[in-house]
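For reference, the chains in residue letters:
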Amino acid sequence: GQSSNASLSAISIGSATLAPTFAATTYSYGTTTSNTKDAVSAEPASGCTVTVKANGTTIDNGDEVTWNAGANTVVFTASKAGANTKTYTVSVVKT
């Protein structure tokens, strides 16, 4: 198998705090927001790329997402040539 994993070095959901604290090898997070929309972005690790989906729809990294009431899901997929693709999921609850 592949010896290395693609990874992210940061995830940002507006000014919301992720729980647990971001770590490159932690793939599931939760947060809450009271905002109507927030900018959603991820910083790929060196040599990696990232794709972003919000509630199943592909968006550009850094775009604003308009939240549904209640539960929302943002999925970041980190890719790198010759490495395992890794998916980071953030559950965002609009309060």
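An account of the accompanying structure is given in this report. Nothing here was measured: the structure is a model prediction, and the numbers come from that model. (Residues numbered from 1 in each chain as written. Predicted model: local features only at pLDDT ≥ 70, side-chain atom pairs only at ≥ 80, totals over all residues. Heavy atoms only, no water.)

Observations regarding the pairing of strand β7 (residues 70-79)
At step 1: One ladder, built from six bridges, connects strand β4 (residues 49-54) with β7; its direction is antiparallel. When the sheet's bridge partners are listed, Val50 is paired in β7 with Ala78.
At step 2: Relative to strand β8 (residues 86-94), β7 runs antiparallel, the two sharing nine bridges. Among the inter-strand pairings, Asn72 is bridged to a residue of β8, identified as Val92.
At step 3: The antiparallel hairpin formed by β7 and β8 contains six residues in its connecting segment, where Gly82 sits at a positive phi of about 75°. (Pairing = 2+ DSSP bridges. Helix = DSSP H or I, 4+ residues; strand = E, 2+ residues; numbered from the N terminus.)

Structural notes on the nonpolar core
General note: in soluble globular proteins, nonpolar side chains tend to be found buried as a group.
At step 1: One finds Leu8, Ile11, Ile13, Val40, Val74, Phe76 and Val90 to be the most contacted residues of the largest nonpolar core, which totals 22 residues.
At step 2: Of all the elements in the fold, those that place two or more residues in this core are β1 (8-13), β3 (37-44), β4, β7 and β8.
At step 3: In this structure Val40 touches Ser12, Ile13, Val52, Asn61, Gly62, Asp63, Val65, Trp67, Val74 and Phe76, once residues within four positions along its chain are discounted. (Core = buried A, V, L, I, M, F, W, Y, C linked by side-chain atoms within 4.5 Å. Buried < 20%, exposed > 50% of the residue type's maximum accessible area, 1.4 Å probe, protein only. Contact = heavy atoms within 4.5 Å.)

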